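Summary of structural features
Okay, here's what each chain looks like letter by letter:
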Amino acid sequence: MKAQQAASGWKRQLKNEFSAIAFLAPFLIPLLVFYIWPLLRGAYISLHSWTILGMEKYVGFNNYTKILTNSDFYKYLWNSLYFVILVVPIIISLGLLLALLIHRKIPFQTMFRSIYFLPYVLSVSVISFIWLRMFDSKHGLVNVILETLGLSSVHWLTSPNAAWWSIVIATVWWTVGFVMVLFLAGLQEISQELYEAADIDGASSFHKFRFITLPGLSSVMKVQIFFQIIAGLKLFGQVQIMTNGGPGDTTNTIIRYIYVTGFKKDMFGLAAAQSTLFCIFMLLIAAVQYMVVNRKES
Amino acid sequence: MARRNRFTTMLFLMLAIVLIAAGCSSKGNSSANSGKAAETNSGTGSGGTSGPVEITFWNLFGGGEGDFVDQIVDGFNGSQQEVKVKTLRLESGEYYAKFGTALASGKGPDVAVAHADRLAPFVKAGQLSALSELTEKAGFDFSEITDSNVESVSYDGIPYAVPIDTHFHMFYYNKDLLGEAGLLNEDGTPNFGEISPEGFKQFLTEIKSKVPGITPFSVNTPYFHEPFYNLYYQAGGSILTDDLSQADINNEKAIDVLKFYLNLYDQGLSDINDKTPWDTFHSGKSATWFGGVWEAGWHLGEEGLNVGITSIPPIFGSETHWAASHTLVIPEYVTEEKQVAAMKFMKYFTLEGGKIWAQAGHVPAAKAVTASDEYMNLPYREEFVASQKTVKHAPKTDRYNAIDTVVKDVLQAVIFKTMTPEDGVKGMEKDINEILQN
Amino acid sequence: MARAAIYSLTVILAVIFVIPLVWMFVVSFKPEGVSAITIAEWTDFSDLTIRNYAKVLTESQILRWTWNSFVIGAVTTLITVIISSLGAFAFSRKTFRSKGFLFILCVSGLLIPTEAMLIPLYETVLSIDLLDNMWGIILPSLTNPLGLILIKQFMDGLPKDYMEAAQIDGGRDFRLWWSIYLPLTRSAMIAIGIFYFIMSWNNFIWPYITINSEENMVLSTGLPTFLSNNVLHVNTIMAASAIAAIPTMIVYIFLQKHIVQGVSMTGVKG
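Residues numbered from 1 in each chain as written. Chains lettered and ligands numbered in written order. Predicted model: local features only at pLDDT ≥ 70, side-chain atom pairs only at ≥ 80, totals over all residues.

1. Some remarks on the overall build of chain C
Per the secondary structure count, chain C includes 13 helices and zero strands. Reading the secondary structure of chain C in the N-to-C direction produces α-α-α-α-α-α-α-α-α-α-α-α-α. For 270 residues, the compact-globule estimate of 2.2 N^0.38 gives 18 Å, and chain C exceeds it by more than 25% at 23 Å. Across its three principal directions, the C-alpha atoms of chain C cover 75 × 60 × 30 Å. Here chain C holds 270 residues, and the buried ones make up 54% of them. Intrachain contacts of chain C at a sequence separation of at least 6 include 77% that bridge at least 24 residues. (Helix = DSSP H or I, 4+ residues; strand = E, 2+ residues; numbered from the N terminus. Rg over C-alpha atoms; globule rule 2.2 N^0.38 Å. Buried ≥ 20, exposed ≤ 12 C-beta atoms within 10 Å, placed from the backbone. Contact = placed C-beta atoms within 7 Å.)

See below:
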């Protein structure tokens, strides 16, 4: 009797397990084939000399020593980080500013929201081409405007510092609307009563912003910073189209570095090792963020 | 509840519609492609009755050259009914990345342009069709092509490509601007003065002082490796040692040439911010330019632009200068029917198209074309033929793709001063040696 | 006073935001070589032409690429929404032993973006012969677990009554999902669907590497291929960009409310 019960319980459990996995299978199968498998495969490839045609020979950790003893990897990793450092604060604060501007009841509120968000629905190649032309030294609108204002024109795409700013400006213009919309949603969740209470206490606008708005947005803010850092580290399209990594290699990013090593130099093994190192780096970033977020909460 | 059900029904209806749409477009794709579906189709459709064989032709020619290619393709499509060529033009900077992946995946062109110096790795990997048998089927004979060109595409005596040209740079100058600067001889050739790095700088400085508002010398900054090779080869340099086992680029000659160019930029004799120097010269805003022979038709044909062409002066000593050669190849994965069709196109391109191609300025590979009066009567072709005698091709290594990428990247870093010339050549040496050992 | 200042700031920023787009349209209607950088050029309506548009439409397959982008986006969106909902149902409403492990496995997909796995992913797709194929783009993008996580959170918030007596029978589970949970999570699914569609529409590097033939290209990769041959033709570039921008701009204007809601939901809850 007891044994039978146990057996049927065990059977039931197994059946339950399978039915749950059946629901998950359509998601798990692509995940295994196109995520887990490539991750492992990448680690394997990285230990070999490998071309687009396949394996040539086992080289152990040679690819890794080659990468880590060459300054290029650090340089391009830094470039990607540098972009993050430039773009994230701007995009977050400008996004917040735009959200605050149109959160108030103002004429044409929806129209403004549409305008700020509009660039986000364009494809990366469209925005890159628009800004490629905008930043053209001779026939670009940006320099013309600068000159009209009595400022000196800038070689946007061919001088190292300005090239980064060109990409930052294009990126901010493109995606800040996305950040703004999220902040708007966050603002709507802050209880109006808090502001009313503050008004009774005679709090200044700045105080209300500092002690009600900002804390109310903190969870949106954290998610956004996380999103934007990852997005910044993935930078490729704008650079590929607007500067091709140049001038020189100043705007070459880590993703473009992997692309060039793998597909232009046909050194898959080396590129896979770069990928693996970059994956580890991404995991580290995620861990740091997790720790920072948790510490703030406790 | 009714609303909910309507939602799920709608959702699946949409899914069904989209999947059908997807099915349609992927069907369209595979028939347009060189895929397997097309193979069986044309196999059963048996020769010629079901319309022309359509082949896809990849090339990397932009701007002026591209127009000549279009003329040749149109000419071919109009000249017969059996084969129809469709052109896909790719960005030259990414061309070999795309071509390499296409060959590896078996999905891509039926016939493609490739530089002779890029063939080695593809031949070694067995990704290109050997052409010996195909030539007979298309009635083509390699003896119609200049011997040195045939040799450049042959591996163990077997040709893997049909050469179409040799191309290199010439010294282009704007006669009006040089005239204004008082640097034109009576016969319309430039008066260089002393031919040396300093002498050439002097020549450019003279232009700068006499004709303000223009760039004395346009340098091909976006493709800086080409002007670099020209002067580096003049100085007697090489990329690799003769046995192709090691880099030979970390030397004074390379550093001198780089410093020379950096100096031109610094002194305002050339404009580093010019992303389209060929256009600057073409629109009369610069006085001199190392331009490709392929630009001859474009510049000379421009009304109001008074251009002269001569060999690049031996600024760094010798007359040796950079050259490359375009060829046409058929990937190995292409079906036999399409291979024959592609071979017919290649034959047409080099023999008939060669005449049009010659107008662009490339020195055609077909013997009959270069020997014709029609060719020699084109302007400056005697200079081209003379200049062709001192060219130097890239080393014939199957790692050329990677080496070329390294050289291009480092040179860009040097001219934009994120690296010193000394560090640059040292870095190139290290990277190239790593590539060769791999 | 302060109000007016803030309002004018709003207006000025809006003007700065639209200038590049307006310029794109102005230049696209100008004859070749006119880069429309002076006020006189902007306000001169006598030389407007649609030649650039005609050129783009005849010389490139831009409509085909738009269609491909649309199909890939739609298929990706629908499949992800459905498989995410199925997976979310299992995580939210079923108890099973491997739940914790599998959930971590799924969520791990958030940590490493496709871009960081280019080489092995390329090798994988090559080995199953999906290069130069729309499925080679769709399948790898199904692994993003964001939708699953969001729908799970949404389902967690629903009352549990529906689950009673339905724990064991697999067939009934499916009916339950289909007729109760799927409709109930409608708003979340629309929001996520829109988000996925935008992501797919903007996907660049992966189609850039895997698609070789012109017919199979998507908008984001076909455009650079076409335009690299027209570097000097400013007006052609702008006309092509405009053609590429118009469909999404129209869709955005009509579905604005849903799109904004969709985006805000994915961000706030994620």
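2. Some remarks on helix α7 (residues 160-189) of chain A
Here α7(A) contains 30 residues, and its C-alpha end-to-end distance of 43 Å stays within 8% of the 44 Å for a straight helix at 1.5 Å per residue. Remark: the principal bend of α7(A), roughly 45°, maps to Thr175(A). (Expected span 1.5 Å × (residues − 1). Bend = angle between axes of the 7 residues up to and from the residue.)

3. Thoughts on the pairing of strand β1 (residues 48-51) of chain A
Residues and elements named next belong to chain A. By the bridge criterion, four bridges tie β1 to strand β2 (residues 54-58) in an arrangement that is antiparallel. Across the sheet, Thr51 pairs through a bridge with Gly54, a residue of β2. The loop that links β1 with its antiparallel partner β2 comprises two residues. (Pairing = 2+ DSSP bridges.)

4. Topic: the interface of chain A and chain B
In this assembly, 20 residues from chain A lie in contact with 20 residues from chain B. Per-element accounting of the side of chain A that touches chain B gives the leading share, three residues, to helix α11 (residues 254-264) of chain A.

5. Observations regarding the confidence of the model for chain C
When pLDDT is averaged across chain C, the result is 86; 93% of the residues are at 70 or more. Here the prediction assigns the complex a pTM of 0.86, and the interface score ipTM is 0.89. (pLDDT = per-residue confidence, 0-100.)

6. Overview of the sheet that holds strand β2 (residues 83-89) of chain B
All names here are of chain B. Read across the open sheet, the five strands follow the order β2-β1-β3-β12-β6; overall the sheet is mixed. Because the sheet does not close on itself, it has two edges, and the strands there are β2 and β6 (162-163). Here strand β3 (residues 111-115) pairs with strand β12 (residues 326-329) via four bridges, running antiparallel. Bridge assignment links Val113 to a residue of β12, and that residue is Leu328. Lying on the sheet, helix α14 (residues 336-351) is in contact with β1 (53-59), β2, β3, β6 and β12; it crosses β1 at an angle near 55°. (Axes fitted to C-alpha atoms, helices over the stretch in contact; angles between N-to-C directions.)

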